[in-house]
Amino acid sequence: MHATFLIALYAFAGAAAAGLVGAAVLRLIRRRSLTASLAVVAAVAVLAMLAGTLAVAWAMFLSPHDLSVVTTVVAMAAVVSLATALLLGRWVVARSRELAAAARSFGDDGDYAAPSTPATAELDALSRELAATSARLAESRERERALEASRRELVAWISHDLRTPLAGLRAMSEALEDGVAADPDRYLRQIRAEVERLNDMVGDLFELSRIHAGTLVLAPARISLYDLIGDALAGADPLARRHGVRLVGDAVAAVPVEVDGKEMSRVLGNLLVNAIRRTPADGTVAVAAERSADGVVVSVTDGCGGIPEEDLPRVFDTGWRGTHARTPPAGAGLGLAIVRGIVEAHRGRATVRNIPGGCRFEVILPPAGA
């Protein structure tokens with residue numbers, strides 16, 4: 001038993017010495033290539049076995065002939081093992097180089113193409129992660145292009161919408177200044193209306209900038225949807241009367257929600273104004289609120305005739321108007337973008353879908369206390 005313990009001790013000591021030397025070498029070459037690291041690992045494994053075997057052989061006090069035979073056999077086995085390990089290591093390194101070459105395909109418009117040669121499980125997992133990252137980057141690039149396009153469109157709309165009322169204000173103020181205005185009171189009323197419209201536009205831009213910058217601060221409180229929608233309907237009623245549109249809010253349940261009352265009133269107001277302006281005279285705009293499996297659903301249904309299917313994904317984009325006519329009644333294309341931003345800040349979502357004769361906007365909010 002004592003001899004067996006000594007043999008194990010000698011074998012351990014020889015292998016441990018080789019392992020420590022290998023660890024020191026790996027630390028020195030840690031910034032070198034994978035080929036060098038694999039070579040050192042293979043050499044350490046072989047030399048550890050060689051050192052342990054020779055230590056045991058010497059400790060057993062073999063005859064010179066027997067010691068020479070053992071040394072020769074072990075050395076040959078070590079050479080063959082080391083050569084085999086290096087060959088296998090070169091195969092792994094070749095797979096890693098192919099993976100690195102495939103990863104270089106990433107670029108502004110590049111897509112990742114996984115190497116066709118089989119690789120180790122770790123390299124295969126890395127390849128799958130790179131493929132998933134490539135897909136996410138492609139989606140991000142597409143979103144960035146769409147956002148940039150909407151920004152350019154928004155700048156064009158805003159530039160036009162600012163020039164038109166400013167030109168009108170300048171003309172009316174010059175007429176009043178020169179004393180050639182036939183009806184000064186009418187001019188003053190028109191100037192005030194244009195100033196209010198410009199003020200609303202600047203307010204929408206400021207609100208949208210806060211949403212995009214992530215600085216929109218909410219003050220949620222427990223509110224009944226019945227009261228919130230009732231106030232929104234009362235505020236939109238004068239506009240509906242001017243357009244000859246009937247407002248209906250009979251299907252509103254007294255459902256409690258925990259929202260920022262001011263911001264959610266803006267959401268409802270924007271949806272109602274959008275629906276009233278798009279609904280022809282003698283049409284109907286209906287508001288409803290109910291519980292659902294997803295939370296609380298507030299819907300605004302109009303009679304706009306529907307939105308083209310290809311435009312539905314863009315309805316809530318900044319600057320989208322649904323028309324190429326740059327006329328002031330079309331608005332600045334900010335209202336629905338603000339709706340989505342405020343709703344998402346409440347951990348909800350805004351959707352739209354076509355229905356017979358019009359479309360239905362839905363705001364899904366989490367229930368109170370969720």
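Numbering of residues begins from 1 in every chain and follows the order in which that chain's sequence is written. For a predicted model such as this one, the threshold for reporting local features is a pLDDT of at least 70, and the threshold for listing and counting side-chain atom pairs is 80 or more; totals across whole chains, interfaces and linings nevertheless cover every residue. Excluded from the side-chain calculation are hydrogens and water; included are all heavy atoms of the structure.

1. Here's the deal with the packing of helix α5 (residues 184-213) against helix α8 (residues 335-345)
Axes here refer to lines fitted to C-alpha atoms; in helices the fit is confined to the stretch in contact. Angles between the N-to-C directions go from 0 to 180 degrees. Going along the chain from the N terminus, every DSSP run of H or I of four or more residues is numbered as a helix, and every run of E of two or more is numbered as a strand. Following both chains from N to C, one finds α5 and α8 inclined at 40°, their axes separated by 10 Å at the closest point. What the angle tells us is that α5 and α8 run oblique. Judged by the sense of rotation from one axis to the other, the crossing of α5 with α8 is left-handed. Listed contacts from α8 to D204, E207, L208 and I211 of α5 are A337, I338, G341 and I342. Nonpolar residues are Ala, Val, Leu, Ile, Met, Phe, Trp, Tyr, Cys and Pro. Charged residues are Asp, Glu, Lys and Arg, and all others, Gly as well, are polar. Along the lines of polarity and charge, the residues of the contact of α5 with α8 split into five nonpolar, one polar and two charged. Each angle receives one of four descriptions, namely roughly parallel if under 35 degrees, roughly antiparallel if over 145, roughly perpendicular if within 65 to 115, and oblique otherwise. Should the near helix be turned anticlockwise from the far one by less than a right angle, the crossing is left-handed, and should it be turned clockwise, the crossing is right-handed. Contacts between residues were defined by any pair of non-hydrogen atoms, one from each residue, lying within 4.5 Å.

2. Quick word on α5
Expected helix span is computed as 1.5 Å times (number of residues minus one). With 30 residues, α5 should reach 44 Å at 1.5 Å per residue; the first-to-last C-alpha distance of 43 Å fits that figure. Residue exposure (1.4 Å probe, protein chains only): buried if accessible area is under 20% of the type maximum, exposed if over 50%, otherwise partly exposed. Along α5, the residues classified as buried are Y187, I191, E194, L198, M201, E207, L208, R210 and I211. G214 lies just past α5 and shows a positive phi near 75°.

3. Brief notes about the pattern of salt bridges
One side-chain nitrogen of Lys or Arg within 4 Å of one carboxyl oxygen of Asp or Glu is enough to make a salt bridge. If you walk through the whole model with that rule in mind, you get eleven salt bridges. Of the charged contacts, one joins R266 and D204 as a salt bridge, the two residues approaching to 2.6 Å between their closest N and O atoms. With a gap of 62 residues between them, R266 in helix α7 (residues 261-278) and D204 in helix α5 connect regions that are remote in the sequence. The salt bridge partner of R360 is E362, with a shortest N-O separation of 2.7 Å. Accessibility classification places R360 together with E362 in one group, the buried group. Residues joined in a network through salt bridges with shared partners are D204, E207, R210, E263 and R266.

4. Here's the deal with the pairing of strand β6 (residues 349-355)
Two strands are said to pair when DSSP picks up at least two bridges between them. In this sheet, strand β7 (residues 358-365) lies alongside β6 in antiparallel orientation, the contact comprising seven bridges. Across the sheet, residue T351 finds its bridge partner in β7, namely E362. Hairpin connection from β6 to β7: two residues lie between these consecutive antiparallel strands, with G357 at a positive phi of about 90°.

5. Side note on the confidence of the model for the protein chain
Considering every residue of the protein chain, the mean pLDDT works out to 78; 78% of them sit at 70 or more. For every residue, the predictor assigns a confidence score, pLDDT, that lies between 0 and 100. Counting contacts from residues 324-330, a segment whose pLDDT is below 50, to residues more than four positions away or on other chains yields 13 contacts.

6. Structural notes on the sheet that holds β6
One open sheet holds the five strands; their spatial order is β2-β4-β5-β7-β6, and the pairing between them is mixed. With one partner strand each, in any of the chains shown, β2 (246-252) and β6 form the two edges of the open sheet. Across the sheet, the mean angle separating the axes of adjacent strands is 20° when strand polarity is ignored. Relative to strand β5 (residues 295-301), strand β4 (residues 284-292) runs antiparallel, the two sharing seven bridges. From the neighbouring strand, A288 faces β5, where its bridge partner is S299. Along the sheet face, α7 touches β2, β4, β5 and β7 and points at about 175° away from the line of β7.

7. Some words on the packing of aromatic side chains
Planes of paired rings set the category: under 30 degrees apart is stacked, over 60 is edge-to-face and the rest tilted, where pairs are Phe, Tyr or Trp rings (Trp by its six-membered ring) whose centres lie within 6.5 Å. Enumeration according to the criterion identifies one aromatic pair in this entry. A ring pair is formed by F316 and F361, whose centres lie 6.0 Å apart and whose planes are at 85°; its orientation type is edge-to-face. Highlighted residues: F316 in the loop between β5 and α8 and F361 in strand β7, separated in sequence by 45 residues. This pair shows no difference in class: F316 is buried, exactly as F361 is.

8. Description of the side chain of N270
By secondary structure assignment, the location of N270 is in helix α7. Here N270 is in contact with G335, I338 and V339, once residues within four sequence places are set aside.

9. A short note on the state of the cysteines
In what follows, a disulfide is any cysteine sulfur pair within 2.5 Å. A full pass over the atoms with the stated rule returns zero disulfides. The thiol of C304 is unpaired, and the distance to the nearest cysteine sulfur, on C359, comes to 3.3 Å. Its relative accessible area of 1% is what places C359 among the buried residues.

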